[in-house]
Amino acid sequence: GAGVSQSPSNKVTEKGKDVELRCDPISGHTALYWYRQSLGQGLEFLIYFQGNSAPDKSGLPSDRFSAERTGGSVSTLTIQRTQQEDSAVYLCASSLEGYSQYFGEGSWLTVV
Amino acid sequence: DQQVKQNSPSLSVQEGRISILNCDYTNSMFDYFLWYKKYPAEGPTFLISISSIKDKNEDGRFTVFLNKSAKHLSLHIVPSQPGDSAVYFCAASSRWGGATNKLIFGTGTLLAVQP
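Source: prediction; values computed, not measured.

Participant: Could you give an account of the nonpolar core, with specific residues and numbers?
Facilitator: As a rule of thumb, soluble globular proteins bury nonpolar side chains together. With 24 residues, the main nonpolar core has F33, W35, L73, L75 and Y88 of chain B as its most contacted residues. The next biggest cluster of nonpolar side chains, apart from the first, holds 20 residues, and it includes V4, L77, A88 and V111 of chain A.

Structure (structure tokens):
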């Protein structure tokens, strides 16, 4: 597709379960970012991938959060042992290096 | 520490008038600034950006002004239309010197354009 694609669009999970969120960036974009927006908050940076460089993980809130990017394209964000405070919309963005980021529609995660 | 601040959580403007959304930042290393628009249940949509080497960038009804000495930027929408009603996020990044280009966002301003 032409834009950033994220799946699932909505996920309800029980506290303590693991979840995986997927992002397909815009074709040709070398940079990929994950952000999250909790209720009533701004967007919070989580992690950044650029080519073969080591990812910038400085925004990950705990070691329960991890992400990988396979083949320089698709990325998966994994949250282990989910907690209620993990409930948020998780947004993926991609860009050409140094240019504006384009966002997907997000994955809405609810932990009950 | 909130490095990008949008102090007005909401703004209401009449259709046809000018909307001015403001944003302040604290980190002098920021050299690239963006505005995003977000409708409910959708991802943010890129609107307009400005590099720190400029003080103004215009695209149709949207103009962004940057005042580096004051660490302040603003988005002007003229004329405002009801379809502009959305949450507007200001974002900043450091693009050079090996920085990772991660965006630091403000908390957003909800713009309501009244018909």
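The structure having been displayed, the exposition proceeds.
Participant: Go over unusual backbone geometry, please, and point to the residues and values.
Facilitator: The linkage connecting S7 of chain A with the following residue, P8 of chain A, adopts the cis geometry, with an omega of -10°. Along the chain, V78 of chain B connects to P79 of chain B via a cis peptide bond; the corresponding omega equals -10°. With respect to the element layout, P79 of chain B can be found in the loop between β8 (72-77) and β9 (86-93). A positive phi angle is found at R81 of chain A, which is not glycine, with a value near 50°. Note that R81 of chain A resides in the loop between β7 (75-79) and β8 (88-95).

Participant: Please give an account of the state of the cysteines that cites residues and values.
Facilitator: Counting across every chain of the model gives two disulfides over all chains. Between the sulfur atoms of C23 of chain A and its disulfide partner C92 of chain A the distance amounts to 1.9 Å. Judged by the torsion about the S-S bond (-70°), the C23 of chain A/C92 of chain A disulfide is left-handed. With C23 of chain A in strand β3 (residues 19-24) and C92 of chain A in strand β8, this residue pair connects regions lying 69 residues apart in the sequence. A sulfur-sulfur distance of 2.0 Å marks the disulfide that ties C23 of chain B to C90 of chain B.

Participant: Give a detailed account of the side chain of S93 of chain B, specifying residues and quantitative values.
Facilitator: Topologically, S93 of chain B is positioned in strand β9. Once you skip the residues sitting within four places of it in the chain, S93 of chain B turns out to touch F30, D31, Y32, N101, K102 and L103 of chain B.

Participant: Can you tell me about the side chain of H76 of chain B, naming the residues and giving the values?
Facilitator: Residues and elements named next belong to chain B. As for its placement among the helices and strands, H76 is situated in strand β8. Within the structure, H76 has its side chain in polar contact with the side chain of S74 (distance 3.4 Å). In this view, H76 contacts I18, S19, I20, R61, F62, T63 and F65; residues no more than four positions away in its chain are not counted.

Participant: Any chance you could break down the environment of E20 of chain A for me, citing the residues and the numbers?
Facilitator: Here E20 of chain A shows up in strand β3. Taking the C-alpha atoms as reference points, E20 of chain A and T78 of chain A, separated by 58 residues in sequence, lie 4.5 Å from one another.

Participant: Requested: an account of the packing of aromatic side chains, with residues and values cited.
Facilitator: Overall, the coordinates contain 13 aromatic pairs over all chains when judged by the stated rule. Aromatic side chains Y33 of chain A and Y35 of chain A sit 6.3 Å apart centroid to centroid with 25° between the ring planes, which places their arrangement in the stacked category. Y35 of chain A shares its class with Y33 of chain A; the two are buried. For the pair Y25 of chain B and F33 of chain B, a centre-to-centre distance of 4.6 Å together with 40° between the ring planes defines the contact as tilted.

Participant: Before we move on, can you summarise the pattern of salt bridges with the specific residues and values?
Facilitator: This model, assessed by the stated rule, comprises six salt bridges over all chains. Between R22 of chain A and D24 of chain A there is a salt bridge, with its nearest N and O atoms 3.0 Å apart. On the basis of relative accessibility, which here comes to 38%, the residue R22 of chain A falls in the partly exposed class. Across the pair K56 of chain B and E58 of chain B runs a salt bridge, and its minimum N-O distance is 4.0 Å.

Participant: Tell me about the sheet that holds β7 of chain A, and please be specific about residues and values.
Facilitator: All names here are of chain A. Judged by pairing direction, the sheet is antiparallel, and its four strands sit side by side in the order β1-β3-β7-β6 without closing on themselves. Looking at strand neighbours, the two that pair on one side only are β1 (5-7) and β6 (65-69), the edges of this open sheet. On average, each strand axis in the sheet is inclined to that of its neighbour by 15°, with strand direction left out of account. Across five bridges, the pairing between β6 and β7 is antiparallel. Looking across to β7, one finds that E68 is bridged to T76.

Reading guide: rules and limits
- Residues numbered from 1 in each chain as written.
- Chains lettered and ligands numbered in written order.
- Predicted model: local features only at pLDDT ≥ 70, side-chain atom pairs only at ≥ 80, totals over all residues.
- Heavy atoms only, no water.
- Core = buried A, V, L, I, M, F, W, Y, C linked by side-chain atoms within 4.5 Å.
- Buried < 20%, exposed > 50% of the residue type's maximum accessible area, 1.4 Å probe, protein only.
- Helix = DSSP H or I, 4+ residues; strand = E, 2+ residues; numbered from the N terminus.
- Disulfide = S-S within 2.5 Å.
- Contact = heavy atoms within 4.5 Å.
- Polar contact = N/O pair within 3.5 Å; in protein donor to acceptor, adjacent residues only side chain to side chain.
- Phe/Tyr/Trp six-rings, centres within 6.5 Å; stacked < 30°, edge-to-face > 60°.
- Salt bridge = Lys/Arg side-chain N within 4 Å of Asp/Glu carboxyl O.
- Pairing = 2+ DSSP bridges.
- Axes fitted to C-alpha atoms, helices over the stretch in contact; angles between N-to-C directions.

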